[in-house]
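# Report on the structure
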Amino acid sequence: GKTKGKGAGGVAGILLDLGVSRFTLERSGRGFSFQVDEPLDMRFNPLGGGPTAAQLLNTGSEWILGQIFGKYGEEPRARKMAQMIVKVRREKAITTTGELVSLIERAMGRRGRQARLHPATRVFQALRIAVNRELEELESFLRNFPGWLQLHGRVVILSYHSLEDRLVKRALLSWEQAGVMLRLKRKPVVPREEEVRRNPGARSAKMRVAEKVAEVRV
């Protein structure tokens, strides 16, 4: 939209919250959580087309699955996970979260059961990101958002894992080097211990803020 006033095209502020709602994760019935046994869908918009998580798991090559788990989940055993999935699906398609969790736990062995982070966490994150093309959407936003802001307008971006935060950090730095945006803090703002106690979901949140100081040169 446009604001009124002399030369004030664009919006005064943009807030981008990259978090996924607890309702979507826990109650949608589409397999986002490894805590309950549900069909492996993972699409934010089931009516929007595109492959489900189950379709990716059962048709993707071993190399593609390894890339998804390694790049989007930063999973150290991505290749081993992919190998086991391809082996298991030859006998029976993987269709539910329970089946996938059981497979991951077998691949990780005793070390995985003793780890602080549940062994399925990174794989589920990777599948969700791949199914919904989350990083592609974020990269598109980061290429274009300064053009939507009025001069001295601000962008506030909340990210919740390192992949997203690295993309945001690099983009804001690049726009600053181009003379278009000014980061108001060099490091991200993170929640205090008291806030995390009140809202455990904020534990991994990082907030970055920047102000538009010049128009984008075309």
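First, a word on scope: everything that follows refers to the structure included in this document. (Residues numbered from 1 in each chain as written. Predicted model: local features only at pLDDT ≥ 70, side-chain atom pairs only at ≥ 80, totals over all residues. Heavy atoms only, no water.)

### Here we look at the overall build of the protein chain
- Counting its regular elements, the protein chain contains nine helices and four strands.
- Tracing the protein chain from N to C terminus, the helices and strands come up as β-α-α-α-α-α-α-α-β-α-β-α-β.
- Overall size of the protein chain, expressed as C-alpha extent along the three principal axes, is 65 × 40 × 30 Å.
- Evaluated residue by residue, the protein chain yields a buried proportion of 42% over its 218 residues.
- In the protein chain, of all internal contacts separated by at least 6 residues, the share reaching a separation of at least 24 is 66%.
- Summed over its atoms, the accessible surface of the protein chain is roughly 13200 Å², and 51% of this surface lies on carbon and sulfur atoms.
- A gap of 4 Å separates the mean positions of the 40 positive and 23 negative side-chain charges of the protein chain. (Helix = DSSP H or I, 4+ residues; strand = E, 2+ residues; numbered from the N terminus. Buried < 20%, exposed > 50% of the residue type's maximum accessible area, 1.4 Å probe, protein only. Contact = heavy atoms within 4.5 Å. Areas by Shrake-Rupley, 256 points an atom, 1.4 Å probe, with all protein chains shown as cover. Lys, Arg positive; Asp, Glu negative; His and termini not counted. Charge placed at Lys NZ, Arg CZ, Asp CG, Glu CD.)

### Focus on a nonpolar patch on the surface
- On the surface, Leu182, Leu184 and Val213 cluster together into a nonpolar patch covering about 210 Å² of accessible area.
- Here leucine 184 shows up in the loop between β3 (181–183) and α9 (193–198).
- Given a relative accessible area of 36%, leucine 184 falls into the partly exposed group. (Patch = residues over 30% accessible without salt bridge, like charges linked within 9 Å, V, L, I, M, F, W, Y side chains within 5 Å. Salt bridge = Lys/Arg side-chain N within 4 Å of Asp/Glu carboxyl O.)

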